[in-house]
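Coordinates in review
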Amino acid sequence: MLEKIKKNKIVIGIVGLVIIIGIIVIIILLSPKKEESVSSVGEITEIDKPVVEMPEKKDEKTGEDMFEIFSMESNDIKRICFTCADDVELDLSASESENQWQLTQNPGVFINQEVVKKILDSVSCVYSYEIISEYDFTEYGFDEPYFSYYLTDYSDNVIYFDFVKLGDEYYLLIENDESYIYRVPEEALYPNTVSFKDVTQ
């Protein structure tokens, strides 16, 4: 009798153990794989920039790698507004009739088209050394930008560019996409080096 009871207990124990192991196996199979979860999150964290393919080149002055963060055909730009080096507000727009640039408020003033072309070349393609996803808007000083300009295309979309200077470094915020800020070369601020006289002579 005692032997029978012992055998029953052993059988019950084995069955119970099998059930527990089965439950554990089911839980493991139904749980999301950690490797997939880590790799998908790690991709964003490691890159720390928009997940897009960006043309890369070297800065000839510093040797740093740069990535293209903004590109637009200069022929698609209808208007550009910025403050010149001599603190004059410059508002330029394309003249459809003559295929040239003019002062928006005073079309009769002579405009140096070669200088405007250089401005357009600098704003139509912007490169960055570093892309930053976590930042404090006020701490970086974007509430009072060092320099700003905006572009308007032929669909009347407006794109705003705000720059700040921290020490010897320049940072850019593209207001239409505030998820990131960019550490950019000084050349990105080229319009701010042009005077009103340069444009109108």
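All right, on to the sheet that holds strand S4 (residues 89–95) then. To summarise the sheet geometry, strands pair through backbone hydrogen bonds and adopt either a parallel or an antiparallel arrangement. Strand order in this open sheet of eight strands is S5-S4-S3-S8-S9-S10-S11-S7, and the pairing throughout is antiparallel. Either end of the sheet is taken by a strand with one partner, and the two such strands are strand S5 (100–103) and strand S7 (130–132). Within the sheet, the average angular offset between the axes of one strand and its neighbour, ignoring direction, is 25°. Examined bridge by bridge, S4 and S5 share four bridges and lie antiparallel to one another. By the bridge assignment for S5, serine 93 is matched with glutamine 102.

Among the structural elements, proline 191 can be located in the loop between strand S11 (181–184) and helix H4 (196–200). In the structure, proline 191 is positioned 43 residues away from serine 148 in sequence and 9.5 Å away in space, judged by C-alpha atoms. In contact with proline 191, not counting residues within four places along its chain, are Phe82, Thr83, Cys84, Ile119, Ser122, Val123 and Phe147.

Right, let's get into the pattern of salt bridges. Pairing of side chains with opposite charge becomes possible as their charged atoms draw close. In the structure shown here, the tally under the stated rule is eight salt bridges. The salt bridge partner of lysine 78 is aspartate 156, with a shortest N-O separation of 3.1 Å. Of this pair, lysine 78 sits in strand S3 (residues 77–83) while aspartate 156 sits in the loop between strand S8 (147–153) and strand S9 (158–166), and the two are 78 residues apart along the sequence. A salt bridge links arginine 183 to glutamate 130; the shortest N-O distance between them is 3.0 Å. Taken together, the residues span a long stretch of sequence, with arginine 183 in strand S11 and glutamate 130 in strand S7 at a distance of 53 residues.

Quick look at a negative patch on the surface now. Judged by side-chain charge, Asp86, Asp87, Glu89 and Asp198 come together as a negatively charged surface patch. With respect to the helices, strands and loops of the structure, glutamate 89 is situated in strand S4.

Okay, unusual backbone geometry next. Where the residue is not glycine, phi is negative for most of them; where a peptide bond is considered, it is trans in most cases. Despite not being glycine, aspartate 87 shows a phi value in the positive range, around 65°. Looking at the secondary structure, you find aspartate 87 in the loop between S3 and S4. On the basis of relative accessibility, which here comes to 66%, the residue aspartate 87 falls in the exposed class. Located in the positive-phi region is aspartate 156, a residue other than glycine, with phi close to 65°.

All told, the structure shown has 11 aromatic pairs when counted by the stated rule. On the numbers, 6.1 Å between centres and 40° between planes, the contact of phenylalanine 137 with phenylalanine 142 is tilted. Given the relative accessible area of 2%, phenylalanine 142 is considered buried. Here a set of aromatic residues connected by ring pairs shows up, and it is made of Phe70, Phe147, Tyr149, Phe161 and Phe163. Taking NZ or CZ as reference, lysine 57 lies 4.2 Å from the ring centre of tyrosine 127, over its face.

A word on the nonpolar core. If you look at the biggest cluster of nonpolar residues, it comprises 35 residues, and the most contacted ones within it are Leu92, Tyr149, Leu151, Phe161, Phe163, Leu172 and Val199. Discounting residues that sit within four places of it in the chain, tyrosine 149 has contacts with Cys81, Phe82, Val123, Val126, Ile159, Tyr160, Phe161, Phe163 and Ala188. Within the second largest apolar cluster, seven residues are counted, among which are Ile132, Val164, Tyr171 and Ile181.

Glancing now at the confidence of the model for the protein. Scored by pLDDT, the protein comes out at a mean of 80, with 75% of its residues at no less than 70. Counting contacts from residues 32–52, a segment whose pLDDT is below 50, to residues more than four positions away or on other chains yields nine contacts.

Next up on the list: the pairing of strand S2 (residues 65–71). A large share of S2 lies buried, amounting to five of its seven residues. Bridging between strand S1 (residues 56–58) and S2 involves three bridges; their strand directions are antiparallel. Along S2, the bridge assignment pairs lysine 57 with methionine 66. From the end of S1 to the start of S2, which pair antiparallel, there are six residues, and glycine 63 there has a positive phi angle of about 80°.

Calculation rules
- Residues numbered from 1 in each chain as written.
- Predicted model: local features only at pLDDT ≥ 70, side-chain atom pairs only at ≥ 80, totals over all residues.
- Heavy atoms only, no water.
- Pairing = 2+ DSSP bridges.
- Helix = DSSP H or I, 4+ residues; strand = E, 2+ residues; numbered from the N terminus.
- Axes fitted to C-alpha atoms, helices over the stretch in contact; angles between N-to-C directions.
- Contact = heavy atoms within 4.5 Å.
- Salt bridge = Lys/Arg side-chain N within 4 Å of Asp/Glu carboxyl O.
- Patch = residues over 30% accessible without salt bridge, like charges linked within 9 Å, V, L, I, M, F, W, Y side chains within 5 Å.
- Areas by Shrake-Rupley, 256 points an atom, 1.4 Å probe, with all protein chains shown as cover.
- Lys, Arg positive; Asp, Glu negative; His and termini not counted.
- Charge placed at Lys NZ, Arg CZ, Asp CG, Glu CD.
- Buried < 20%, exposed > 50% of the residue type's maximum accessible area, 1.4 Å probe, protein only.
- Phe/Tyr/Trp six-rings, centres within 6.5 Å; stacked < 30°, edge-to-face > 60°.
- Lys NZ or Arg CZ within 6 Å of the ring centre and 35° of its normal.
- Core = buried A, V, L, I, M, F, W, Y, C linked by side-chain atoms within 4.5 Å.
- pLDDT = per-residue confidence, 0-100.

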